[in-house]
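What the coordinates show
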Amino acid sequence: MKLNEEERALLAGEGGRARQWAIRHQIEVGKFFDAEDMVPVDQAHVMADPESLGEAGVRWLSDIAAMPEAERRVRIPTITDPRGVDFAAYKRLHQTDDMASLEERAIRAFEAMGVLMTNTCINYQTILPPVRGEHVAFGDTGVVIYSNAVFGARSNFEGGPSAIAAGLTGRTPRYGYHLDRNRLGTKLFELRHQPKDFSEWGALGAVVGKRSGSYWSVPVITGIENAPSSDDLKHFGAALASFGSVAMFHMPGVTPDAPTLADAFDGPPPPASTITSEDIASVYEGYAARGDKVDVVVFSAPQLSLIELEKVANLLDGRQVHAGTTLIAATSPEIKFAADRMGLTRRIEGAGGIVLSGVCFYQSYAREMAEANGWSRLMSNSAKLVNIIGGYGYKPTLATMERCVDSAVAGKVL
């Protein structure tokens with residue numbers, strides 16, 4: 001790889017041991033992906049929840065945090081993905097003190113490095129959203145796909161160590177979606193059914209993701225009659241990334257890099273693959289379980305916007321969650337503060353729900369929570385969550401937000 005003078009100095013150890021490790025790590029990643037050089041980045045987003053880090057990972061972070069301040073501090077705004085424990089609610093979920101202790105140690109290490117503990121996977125809705133053409137180093141797949149597609153920013157899926165390295169060096173290897181040639185469309189989809197709610201947008205993401213099936217695929221979706229909302233695109237992109245490992249998409253007339261269909265491709269577009277209402281319905285059928293007792297209803301993955309939280313509160317007004325069912329809504333710390341101030345938290349929890357701050361369900365020791373609480377049947381309006389959560393021992397059901405709340409009140413899948 002071609003290194004500039006500053007990068008060579010970091011490699012020689014002139015910026016301290018942490019930055020020396022970081023640039024070495026980035027060189028190895030760059031070599032793997034045939035990157036010619038590095039690209040400066042303006043911000044980094046780190047996926048490093050304690051469940052994934054484990055004891056070894058937290059010790060590693062703590063070792064960096066123990067280095068001299070000038071060596072350990074990040075150079076660019078560096079923020080965090082959801083954590084594993086909400087300290088105000090973890091005992092209600094039967095998480096353990098050991099989990100909370102590991103979380104506290106990780107937080108102390110991040111703070112010593114100058115990392116901002118934003119604890120969110122919806123930073124694009126709450127904190128310093130990137131702008132078109134901006135190079136960033138983001139970790140969460142839903143964050144990356146939204147930033148690439150909806151904002152026109154540039155990022156690859158950065159693993160936890162790679163995002164930390166980017167924070168320490170202020171750069172990342174120039175490969176993948178930092179390059180113009182990899183941002184062009186590769187597959188064309190024609191939509192013949194307009195999604196009506198968040199879960200249908202997620203189901204659409206599942207269909208497109210399954211048919212794309214590659215990190216290097218860039219699907220182009222036509223047939224969108226009305227501009228989707230930020231939350232619609234959030235659910236679509238998160239599911240697309242989850243089901244297909246896809247990091248970017250185009251919606252001509254909606255997303256910035258493809259104002260027209262011709263802008264999306266390098267040459268004539270390929271034949272279109274059609275998506276019908278039957279295709280969307282098949283996603284729901286793959287997760288159906290009408291009549292089953294529902295143990296936990298979860299609104300998470302991605303975290304909820306203030307608009308989504310208000311909708312949950314409205315649906316619960318005057319009702320009570322069934323005694324045998326737990327209802328959870330997870331959001332970012334900033335939105336949780338707003339929800340507290342606006343009375344949304346009080347309304348949701350008054351109906352028997354739990355509002356969590358700064359966590360995401362599947363990153364919160366989901367398997368251990370299932371065992372501790374006796375949970376099996378999970379219901380959600382997040383296609384991303386139902387795609388992931390089966391690997392943690394749950395039986396998931398995908399449904400609209402309305403059906404999820406109705407089922408939580410009834411105590412069974414309606």
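The coordinates are above.
A brief look at the structure comes next. Counting restarts for each chain: residues are numbered from 1 in the order of the written sequence. A pLDDT threshold of at least 70 governs which residues receive local features in this predicted model, and a stricter bar of 80 or more applies before side-chain atom pairs are shown or counted, although totals over entire chains, interfaces and linings include all residues. The side-chain quantities take in all heavy atoms of the structure and omit both hydrogens and water.

**Brief notes about the sheet that holds strand β4 (residues 137-138)**
- One open sheet accounts for 3 strands, arranged β3-β2-β4; its pairing is parallel. Edge positions in the sheet fall to β3 (78-80) and β4, since each of these pairs with one other strand and no more.
- Inspection of the sheet shows strand β2 (residues 44-46) paired to β3 by 3 bridges, in the parallel sense. Residue pairing in the sheet places H45 in a bridge with I79 of β3. We treat two strands as partners when DSSP finds at least two bridges between them. Helix and strand assignments follow DSSP, with helices taken as H or I runs no shorter than four residues and strands as E runs no shorter than two, numbered in order from the N terminus.

**A word on a nonpolar patch on the surface**
- A patch consists of residues exposed above 30% relative accessible area that lack any salt bridge, with like charges linked at up to 9 Å and nonpolar side chains (Val, Leu, Ile, Met, Phe, Trp, Tyr) linked at up to 5 Å. Computed by Shrake-Rupley with a 1.4 Å probe, the accessible areas treat only the displayed protein chains as cover when residues are assessed. Put simply, a salt bridge is a Lys or Arg side-chain nitrogen that is within 4 Å of an Asp or Glu carboxyl oxygen. Residues F32, F33 and W216 make up a contiguous nonpolar surface patch of about 350 Å² in total accessible area.
- Examined against the element boundaries, W216 turns out to sit in the loop between α9 (198-212) and β7 (219-222).

**Some points on the sheet that holds strand β12 (residues 377-380)**
- Overall, parallel pairing links the 5 strands, which are arranged β11-β10-β9-β12-β13 in an open sheet. Lying at the two open borders of the sheet, with one neighbouring strand each, are β11 (353-357) and β13 (395-398). When strand polarity is set aside, the average angle formed by the axes of neighbouring strands in this sheet is 25°.
- The pairing of strand β9 (residues 296-304) with strand β10 (residues 326-331) spans 5 bridges and is parallel. Directly across from V296, in β10, lies its bridge partner T326. Between N-to-C directions, angles span 0 to 180 degrees; the directions come from axes that are lines fitted to C-alpha atoms, helices contributing only their stretch in contact.

**Structural notes on helix α5 (residues 97-112)**
- In this analysis, the expected span of each helix is defined as 1.5 Å times one less than the number of residues it contains. When the terminal C-alpha atoms of α5 are compared, their 23 Å separation across 16 residues agrees well with the 22 Å that a helix rising 1.5 Å per residue should span.
- Considered for burial, the residues of α5 that qualify are M99, A100, L102, E103, A106, I107, A109, F110 and A112.
- Where α5 is buried, its residues meet β2, α3 (50-65), α4 (69-72), α8 (160-169) and α16 (366-373). Here the term buried applies to any residue with accessible area under 20% of the maximum for its type, exposed to any over 50%, and partly exposed to those in between, with areas from a 1.4 Å probe on protein chains only. Residues count as neighbours in contact if any of their non-hydrogen atoms are within 4.5 Å of one another.

**Quick look at the pairing of β13**
- The sheet contact formed by β12 and β13 spans 4 bridges and is parallel. Counted as the bridge partner of R377 is K395 from β13.
- A crossover connection joins β12 to the parallel β13 through helix α17 (residues 383-389); in handedness this β-α-β unit is right-handed. Handedness of a crossover is defined as follows: orient the strands so they point away from the viewer, and if the path from the first strand over the helix to the second runs clockwise, the crossover is right-handed.

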